[in-house]
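# An overview of the molecular structure
Here is how the chains run, residue by residue.
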Amino acid sequence: MCYSTVVIPFHVHFRPGLSLYEQVVYAAKKAMIAGQMRPGDPFPSVRVLSKELKINPNTAHKVVTYLITTGLLETRPGIGTVVAVLPEASAAERTQLLGQEIEELVVEAKKLGISLEAMVASIGAHWKRLGGDDKDTDDSGRGGRGKR
Amino acid sequence: MSTITMKPVTMSTVIRTDNLVKKFRRVDALNGLNLEVPQGAIYALVGPNGAGKTTAIKILMNIFGATSGRAEVLGMDSKQISGKALTSIGYVSENQQLPNWVRVDAFLAYLRPFYPSWDRELENQLVRQLALPLDRKLSDLSRGMRMKAALASALAYRPRLIVLDEPFSGLDPLVRDELIESMLERAEEATILISSHDLAEIENLASHVGYLDQGRLRFSEEMPALVERFREVEITFDAAPAVPGKLPASWMRLSSSAAVVQFIESQFDEQRTSAEIRNLLGEARSVTFTPMSLRSIFLAMAKSGRDAA
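Residues numbered from 1 in each chain as written. Chains lettered and ligands numbered in written order. Predicted model: local features only at pLDDT ≥ 70, side-chain atom pairs only at ≥ 80, totals over all residues.

Attention now moves to the sheet that holds strand 11 (residues 216-222) of chain B. Residue and element names in this part refer to chain B. Across the sheet, which stays open at both edges, the 6 strands sit in the order 7-8-9-4-10-11 with mixed pairing between neighbours. Looking at strand neighbours, the two that pair on one side only are strand 7 (89-93) and strand 11, the edges of this open sheet. Geometrically, the sheet is characterised by an average inter-axis angle of 15° between neighbouring strands, direction not taken into account. In the packing of helix 1 (residues 53-60) onto the sheet, the strands contacted are strand 4 (42-46), strand 8 (161-165), strand 9 (191-195) and strand 10 (208-213), and the crossing angle to strand 8 comes to about 145°. (Pairing = 2+ DSSP bridges. Helix = DSSP H or I, 4+ residues; strand = E, 2+ residues; numbered from the N terminus. Axes fitted to C-alpha atoms, helices over the stretch in contact; angles between N-to-C directions. Contact = placed C-beta atoms within 7 Å.)

Below you can see the structure in the form of structure tokens.
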């Protein structure tokens, strides 16, 4: 038997106190939508997932089962689980993946008494700054989908 | 359809204690402990020093006898645990006694014949994975290496129950990771009871957590449920609120300053908790509920236990 380092093709930055299962599912979904995992790529087995992320095998099992039942993974005889061909994620679905972060931002903004307009303006400013030189935000309003 | 095998849904109990009491001279180490560890669980037994964790484990392993009450392990009375029964239990403790004068390979070879289910291939795998130096004497090994040798010798016969008493204490992060990986690889076919103060380590591993304090369980539940019900609450007011004298029993460690009230809600339900806050403290500018790590939950429990005492 030989040992190679198994790489989990996505990062989970665990935040204590939140559902582990949801955190891993989100991380995997993000990686698929961001193209870090492409259709046909092998997905780690329950055992590898558990061992590499140091999570309970039941949690790892739940993650894989969920991803299979929602059609994000497929099982291929003899290969294992692979990433399925995903329908193009809608802007709404992409935004949903940031739900947690957005909620935290809103809570902090409310605490500081920042208005919605001021918050949106501030996000716009940061967006521009990080967008670099290309005058970002095309008029169709589907920012961030450009070719790379 | 899927190639994944489900664990059997029918859960039986692997460890059960009934009103376990242990007195050492004048000290009550266990005070009526009712512990239940379901099959397939990774059960984390946590609690302050002196809470009785090691005593409980030693009674389960039939190293100590109980003063009263009873304990059942793998369907047997713990007092019957010896010889053959020990071949289905893998036990590793912080201060494991090992035959220091032998080499690691001789140690493993010595143990093999005692265990009908000893798996040579698994043994080799563990030796490689844990990087055990087979040609070194146990007495020459570092503390971490000794723990790894002890763990390898306790896992190689595929025990149905793995009991680990403070396995990580005093070990460096790399060794901890190695121990955890080896343990997790066995988790699918075994029930694991682990006592530990290394809460960050076990937070993601444990399926169940039991909090032992003064020889008694203050709670015992599934990890997701525990994480769901604890929140750090911070409420900011425009004007100083009047905090009533009588507050819900589930609010722990409340503190307030001019415009901010903080406490720990141990029975969190967003709607009910929010309504209670409105009714008792009035309208707030903002309310935040922050999920808590196992470590913060432990600290809240330990401090509130001390306040009450």
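Listed as interface residues are 25 residues of chain A and, on the opposing side, 26 residues of chain B. Put simply, the parts of the chain that give the side of chain A that touches chain B at least two residues each are helix 2 (46-53), helix 3 (57-69) and helix 5 (99-111) of chain A. By residue number, the principal contributor to the side of chain A that touches chain B is helix 3 of chain A, which donates 6 residues. Split by residue class, the side of chain A that touches chain B holds 12 nonpolar, 8 polar and 5 charged. (Nonpolar A, V, L, I, M, F, W, Y, C, P; charged D, E, K, R; others polar.)

Attention shifts here to helix 5 (residues 173-186) of chain B. Compared with an ideal rise of 1.5 Å per residue, which puts 14 residues at 20 Å, helix 5 of chain B spans 20 Å between its outermost C-alpha atoms and is within 8% of the ideal. Every buried residue of helix 5 of chain B is listed here: Val175, Leu179, Ile180, Ser182, Met183 and Leu184 of chain B. (Expected span 1.5 Å × (residues − 1). Buried ≥ 20, exposed ≤ 12 C-beta atoms within 10 Å, placed from the backbone.)

All right, on to the confidence of the model for chain A then. As a general rule, the predicted coordinates of low-pLDDT regions are not to be interpreted in detail. Residue and element names in this part refer to chain A. The predicted model of chain A averages 81 in pLDDT, with 84% of residues at 70 or higher. Mean pLDDT values for the elements of chain A range from 80 in helix 4 (residues 91-96) up to 94 in helix 3. Every residue in residues 136-148 scores below 50 in pLDDT, and together they form 8 contacts with partners more than four places removed in sequence or on other chains. (pLDDT = per-residue confidence, 0-100.)

For the rest of this paragraph, the subject is the nonpolar core. All names here are of chain B. Membership of the largest hydrophobic core comes to 96 residues, with the highest contact counts inside it found for Ile42, Tyr43, Ala44, Val163 and Ile192. Among the elements that take part in this core, helix 4 (residues 143-155) stands out by supplying 7 residues, more than any other. Not counting chain neighbours up to four residues away, the residues in contact with Ile192 comprise Ile42, Tyr43, Ile162, Met183 and Ala187. (Core = buried A, V, L, I, M, F, W, Y, C linked by C-beta atoms within 7 Å.)

Residues and elements named next belong to chain B. The pairing of strand 1 (residues 13-24) with strand 5 (residues 68-73) spans 5 bridges and is classified as antiparallel. Among the inter-strand pairings, Thr17 is bridged to a residue of strand 5, identified as Ala71. Where strand 5 and strand 6 (residues 76-77) come together, 2 bridges link them in antiparallel fashion. Bridging across to strand 6, Val73 finds its partner in Met76. Hairpin connection of strand 5 to strand 6: 2 residues between the antiparallel strands, including Leu74 at a positive phi of 50°.

Backbone-to-backbone hydrogen bonds join strands into a sheet, with any given pair of strands oriented parallel or antiparallel. Residue and element names in this part refer to chain B. With antiparallel pairing, the 4 strands of this open sheet are ordered in space as 13-14-12-15. This sheet does not close on itself; its edge strands, each paired only once, are strand 13 (251-256) and strand 15 (286-291). Mean inter-strand twist for the sheet, computed between neighbouring axes without regard to direction, equals 15°. Direction of pairing for strand 12 (residues 231-236) relative to strand 15: antiparallel, over a ladder of 6 bridges. Within strand 15, the residue paired with Thr236 across the bridge is Ser286.

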